[in-house]
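So the chains spell out like this:
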Amino acid sequence: MSRALVQQHLDDLAGQGRRVDFWLRDDDAVRPTPALERLLSLAARHAVPLTLAVIPEETDEDLADRLAAEPDVTVAVHGWSHRSYSKPPAKKQELGLDRPLNMVLDELAAGFRKLEALHGPRFQPMLVPPWNRIAAEIVEALPDLGFRSLSVFGREKPAALPLLNTHLDIMDWHGTYGGRPSDSLYAELLEHLHAEPALSAIGVLTHHLVHDAAAWDFLEDLLALTARHPACRWRAAPDLLAG
Ligand SMILES: [Zn+2]
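Since the model is a prediction, treat every value here as computed from it, not as a measurement.

Re the overall build of the protein
Then step 1. Per the secondary structure count, the protein includes eight helices and eight strands.
Then step 2. Referenced to the eigenvectors of the C-alpha coordinate spread, the extents of the protein come out at roughly 50 × 40 × 35 Å.
Then step 3. Relative to its full complement of 243 residues, the protein shows a buried share of 53%.
Then step 4. In the protein, once contacts between residues fewer than 6 apart in sequence are set aside, the share between residues at least 24 apart is 69%.
Then step 5. Accessible surface for the protein amounts to roughly 11,200 Å². Of this, 53% is attributable to carbon and sulfur atoms.
Then step 6. Within the protein, the 35 negative side-chain charges are centred at a point lying 1 Å from the centre of the 24 positive side-chain charges.

Laid out in structure tokens, this is it:
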């Protein structure tokens, strides 16, 4: 039902000569895996650019070598270790004030340098905080560390550096830990398409390592519906940030 409404809305936009920008961010990559292969081939098949948020601490040349063959993949910095330092019942957070600020910033600087060295032209000076959470004091310091953009979840807000956020999370983190039902994802997408003021680009958030069949099916179906639709443009994050 909701899928048909999304399709109708996109067809209407196309009829008016209007277009919507999308971008795809996938989190938690460390090394090549069968799930990563599946994601890369899905994105390539639909000619959809992809930003991989890579966890710096454990990653190495294996991932860099694999991505060297993928011209439409960029790499962003996903914290340093993806460990949580918050004290329950506080929500999980790596980039909070649970540790001295300098310790956190030193790790982010190390992650930036490591991924830049490994990935060269694919490296994008964007920070993707684990769990999409980051303390305001850390955001303030990001430009001095070399970061040029930040990506979290939800509508973009003014910050010390440009934001390019994700808005549609395909996973059900509070219930099944699998993919959310397709109908509710399309219903939410329809809300994003109607958002006022309009989102500059709708960010879709995926986590290839934990996708079940429902998550893969939705992603495949979403890209089949949109990737070649005249009202949709899937764009690379650096292009969106360049304006
Ligand atoms: Zn993550």
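Overview of the coordination of the zinc ion
Then step 1. Those donors, Asp28 (OD), His78 (NE2) and His82 (NE2), are the protein atoms that reach the zinc ion, and they lie 2.0 to 2.1 Å from it.
Then step 2. All donor residues of the zinc ion come from one chain, and their arrangement in sequence is D-x49-H-x3-H. With Asp28 in strand β1 (residues 20-29) and His78 in the loop between β3 (73-77) and α4 (101-119), this pair connects stretches of sequence that are 50 residues apart.
Then step 3. The exposure class assigned to Asp28 is buried, which follows from its relative accessible area of 19%.
Then step 4. Overall, the relative accessible area of 1% leaves His78 in the buried class.

What counts, and where the lines are drawn
Residue numbers run consecutively from 1 along every chain, following the written order of its sequence. It should be noted that, the model being predicted, local features are given only for residues of pLDDT at least 70 and side-chain atom pairs only at 80 or more, the latter also being counted only at that level, while totals for whole chains, interfaces and linings use all residues. With hydrogens and water stripped out, all remaining heavy atoms of the structure feed into the side-chain values. Secondary structure follows DSSP: runs of H or I at least 4 residues long count as helices, runs of E at least 2 residues long count as strands, and numbering of each begins at the N terminus. Any residue under 20% of the maximum accessible area for its type is buried, any over 50% is exposed, and the rest in between are partly exposed; the area is computed with a 1.4 Å probe on protein chains only. Every residue pair with non-hydrogen atoms within 4.5 Å of one another is taken to be in contact. In this description, accessible areas are obtained by the Shrake-Rupley approach with a 1.4 Å probe, and a residue is regarded as covered only by the protein chains that are shown. Asp and Glu count as negative and Lys and Arg as positive, but His and the ends of the chain are not part of the count. A single reference atom marks each charge: NZ on Lys, CZ on Arg, CG on Asp, CD on Glu. Note that water is not among the atoms considered, so a metal site may appear incomplete; the donors listed are N, O and S atoms within 2.8 Å of the metal, with 3.2 Å applied to Na, K and Ca.

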